[in-house]
Amino acid sequence: MVVRIRWATVEILVQVRVGLILTLALVLILIPISTSIIQVAPPWCVSLLPRNPIPISVVESDGIGLLHIRLVGWLIVGRTAKVAFMFLAKGDLPLAPLWELFFRGHQGLYSIYVHSQPSYKGNFPKGSVFHGRRIASKEVEWGKISMVAAERRLLANALLDVSNQRFVLLSEACIPLFNFPTIYSYLMKSRTSFVESYDKEGPVGRGRYDRHMMPMVTIEEWRKGAQWFEMDRELALEVISDHVYFNLFKLYCKPACYSDEHYLPTMITKHFPFKNANRTLTWVDWSRGGPHPLKFIRLDVTPDMLNRMRGGTECIYNGRPTKVCYLFARKFTVNALDRLLRFAPKLMKF
């Protein structure tokens, strides 16, 4: 009887040890797995997921994409954090040569995603950092909720890479104001996200509010801000998870209410004010007024102009005053490219 009990105890211990070994082996296998969602998804779900980057509509319709975005977020341990550069463009990226210089030599520290109009058939040559980086897209109309949907689509695709920890929205008219190491360090060390949000009286602020948004959004909670944001992974997950405010804005914020100027500032200020610096990292010139900022042509580009953008104001960064308030700037036209290529690398050291 004693012998049988001892053998039973040994068998139990062996089973426990085998279970621990198998669990450890599974963890060791999972850690070096590629960040591709298809590779980290469990077998029962692989057949349900598309091989191409999934659009936000998939996340919204069945939740499968969102589930796996959250699952891959657990695998960041031991990986090098990356910045996701998300370009929202009509078609081509005319300032791509400048960005190529900016990214050169920093592979593994960034990811690139490009959302162009579906009608755009162009492509980037092999060898370009932008080659193969276009995501599945839908038609975008200026000033309409489709603009916000495109932003969420970019975030959803970028979140599928577990290493992406910071997310920057840019346009085809944006340029970097500093070299890659400076921007990378600024974003990775930041304790906040950067979504501009402020309360504005008058027709282009509170005047765009629709009382049908009550009680979800009151006029006192209504906010405005620049479209061009930067956020951390936690806040990005909250944005693509939101259905309540996105649908509310879809119903009640239509031209002359522009969702891209109000949706994120209102939603984030209402629920995540402690995570936000309430400012944008993208410099623009609104001095002439109107619905669009000033465009910069060839003769506008000078070292003095770029230096003013780089350090002409003061703001708060991680609780301390700083002169580095803007990391990017817009709107630059394609004919400004030659002067940007001449001045920017010397000024910004890339």
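Just above, that's the structure.
Residues numbered from 1 in each chain as written. Predicted model: local features only at pLDDT ≥ 70, side-chain atom pairs only at ≥ 80, totals over all residues. Heavy atoms only, no water.

A. Spotlight on the sheet that holds strand β4 (residues 175-176). Reading across from one edge, β4-β9-β6 is the order of the three strands in this open sheet, with mixed pairing throughout. The open sheet is flanked by β4 and β6 (282-283), the only strands paired with a single partner. Both β6 and strand β9 (residues 328-329) contribute to a ladder of two bridges, which runs parallel. Along β9, the bridge assignment pairs Trp283 with Ala329. (Pairing = 2+ DSSP bridges. Helix = DSSP H or I, 4+ residues; strand = E, 2+ residues; numbered from the N terminus.)

B. View of the packing of helix α10 (residues 244-252) against helix α11 (residues 259-271). Two elements in contact, α10 and α11, have axes separated by 11 Å at closest approach and are oriented at 145°. Every pair of crossing elements has a handedness; the one defined by α10 and α11 is right-handed. Where α10 approaches α11, its residues Tyr245, Phe246 and Phe249 are matched on the opposing element by Ser259, His262, Tyr263, Thr266, Met267, Lys270 and His271. For the contact of α10 with α11, a count of residues per class yields five nonpolar, four polar and one charged. (Axes fitted to C-alpha atoms, helices over the stretch in contact; angles between N-to-C directions. Left-handed = near helix turned anticlockwise from the far one by under 90°. Contact = heavy atoms within 4.5 Å. Nonpolar A, V, L, I, M, F, W, Y, C, P; charged D, E, K, R; others polar.)

C. View of the pattern of salt bridges. Going through the model one piece at a time under the given rule, you end up with ten salt bridges. Across the pair Glu141 and Lys144 runs a salt bridge whose closest N-O atoms are separated by 3.3 Å. Accessibility expressed as a relative area gives 36% for Lys144, which makes it partly exposed. We note a salt bridge from Lys224 to Glu261, for which the minimum N-O separation is 3.8 Å. Taken together, the positions of Lys224 in the loop between α8 (180-189) and β5 (230-232) and Glu261 in helix α11 put the pair 37 residues apart, joining distant regions of the chain. For the pair Lys224 and Glu261, one class covers both residues: buried. (Salt bridge = Lys/Arg side-chain N within 4 Å of Asp/Glu carboxyl O. Buried < 20%, exposed > 50% of the residue type's maximum accessible area, 1.4 Å probe, protein only.)

D. Quick look at the state of the cysteines. Throughout the structure, instances matching the rule amount to two disulfides. Across the disulfide from Cys253 sits Cys257; the S-S distance is 2.0 Å. Classification of the bridge connecting Cys253 and Cys257 rests on its S-S torsion, roughly -85°, and on that basis the disulfide is left-handed. What pairs with Cys315 in a disulfide is Cys325, and their sulfur atoms sit 2.2 Å apart. Because the torsion about its S-S bond is -110°, the bridge between Cys315 and Cys325 counts as left-handed. Linking Cys315 in strand β7 (residues 315-317) with Cys325 in the loop between β8 (320-322) and β9, this pair joins segments that are ten residues apart in sequence. The connectivity of the disulfide bonds within the protein chain can be written as 1-2, 3-4, using the sequence rank of each bonded cysteine. (Disulfide = S-S within 2.5 Å.)

Honestly, it's all geometry; don't read function into it.
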